[in-house]
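Survey of secondary and tertiary structure
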Amino acid sequence: QVRLVESGGGLVHTGGSLGLSCAASGSIFSIYAMGWYRQAPGKQRELVARITSGGSTNYADSVKGRFTISRDNAKNTVYLQMNSLKPEDTAVYYCNAMLATMGTSTEYSYWGQGTLVTVSS
């Protein structure tokens, strides 16, 4: 059983900052990548940022220069620091992990429950 537990999020004014964190727990053998996706009302879920176990990162163009993803491999935790927030960043943010559980080398995708980020104008 694998759990991804997110924390952070909430309401912030335009230009403000928020931080998200997501901790993976359970029978984890290895985590290849962790990341954040978001889904705004009426829109598809989209990648925000992703980081591999080696530290390689990629970001959506819309958040480059404003958001920073980081990871603590020892704690199986990923962080997202969001600065200069805009109303269009308003969405439910989901944590994702590509990981293999104990007893297997096959990686699967796991999701957190989501946390709401609201940016008021």
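Here the structure is shown first, and the text comes after it.
To keep things clear, this report deals only with the structure shown in the data block.

Thresholds applied
Residues numbered from 1 in each chain as written. Predicted model: local features only at pLDDT ≥ 70, side-chain atom pairs only at ≥ 80, totals over all residues. Heavy atoms only, no water. Helix = DSSP H or I, 4+ residues; strand = E, 2+ residues; numbered from the N terminus. Rg over C-alpha atoms; globule rule 2.2 N^0.38 Å. Buried < 20%, exposed > 50% of the residue type's maximum accessible area, 1.4 Å probe, protein only. Contact = heavy atoms within 4.5 Å. Core = buried A, V, L, I, M, F, W, Y, C linked by side-chain atoms within 4.5 Å. Disulfide = S-S within 2.5 Å. Pairing = 2+ DSSP bridges. Axes fitted to C-alpha atoms, helices over the stretch in contact; angles between N-to-C directions. Phe/Tyr/Trp six-rings, centres within 6.5 Å; stacked < 30°, edge-to-face > 60°. Lys NZ or Arg CZ within 6 Å of the ring centre and 35° of its normal. Polar contact = N/O pair within 3.5 Å; in protein donor to acceptor, adjacent residues only side chain to side chain.

Our next topic: the overall build of the chain. Within the chain one finds zero helices and 11 strands. Rg of the C-alpha trace for the chain: 14 Å, near the compact-globule value of 14 Å for 121 residues, within the 12% margin. Each of the three principal axes of the chain carries a C-alpha extent, and together these read 50 × 25 × 25 Å. Across the 121 residues in the chain, those meeting the buried criterion constitute 40%. The contacts in the chain between residues at least 6 apart in sequence include a share of 55% that link residues at least 24 apart.

W36, L80, M82 and Y93 are the most contacted members of the largest nonpolar core, which totals 30 residues. Those elements giving two or more residues to this core turn out to be β1 (2-8), β3 (18-26), β4 (28-39), β5 (46-52), β7 (67-72), β8 (77-82), β9 (91-101) and β11 (115-120). No other element matches the five residues that β9 contributes to this core. Ignoring any residue separated from it by four or fewer positions in sequence, one finds Y93 in contact with E6, L20, W36, Y37, R38, V48, F67, L80, M82, G114, T115 and V117.

Turning next to the state of the cysteines. The tally for this structure, following the rule as stated, stands at one disulfide. Between C22 and C95 runs a disulfide, and the two sulfur atoms are separated by 2.1 Å. Around the S-S axis, the bridge from C22 to C95 shows a dihedral of about -80° and counts as left-handed. Of this pair, C22 sits in strand β3 while C95 sits in strand β9, and the two are 73 residues apart along the sequence. Note on accessibility: C22 and C95 belong to one class, buried.

Let us look at the sheet that holds β8. The four strands are arranged β1-β3-β8-β7 in an open sheet whose pairing can be described as antiparallel. Since the sheet does not close on itself, it has two edges, and those belong to β1 and β7, each with one partner. Ignoring which end each strand starts from, the neighbouring axes of this sheet average 15° apart. In the sheet, β7 pairs with β8 via six bridges, with the strands oriented antiparallel. Bridging from a neighbouring strand, I69 pairs with L80 of β8.

Another point: the packing of aromatic side chains. Per the stated rule, a full pass over the model turns up one aromatic pair. Between Y37 and W111, the ring centres sit 5.0 Å apart and the planes meet at 70°, which makes this aromatic pair edge-to-face. On the criterion of sequence distance, the pair formed by Y37 in strand β4 and W111 in strand β10 (residues 108-111) is long-range, its members being 74 residues apart. The residue whose ring lies beneath R45 is Y94, and the NZ or CZ to ring-centre distance is 3.7 Å. Across the ring face of W111, the terminal group of R45 is positioned such that the distance to the ring centre comes to 4.6 Å.

The next thing to look at is the environment of T90. Relative to the elements of secondary structure, T90 occurs in the loop between β8 and β9. The class for T90 is partly exposed, based on a relative accessible area of 22%. A sequence separation of 25 residues divides T90 from T115, and the C-alpha atoms of the two residues are 11 Å apart. Every residue in contact with T90, bar those within four places of it in the chain, is listed here: A40, V117, T118 and V119. For T90, the side chain forms a polar contact with the main-chain oxygen of P87, separated by 2.9 Å. A polar contact of 2.9 Å, which involves the side chain of T90, links it to the backbone nitrogen of V119.

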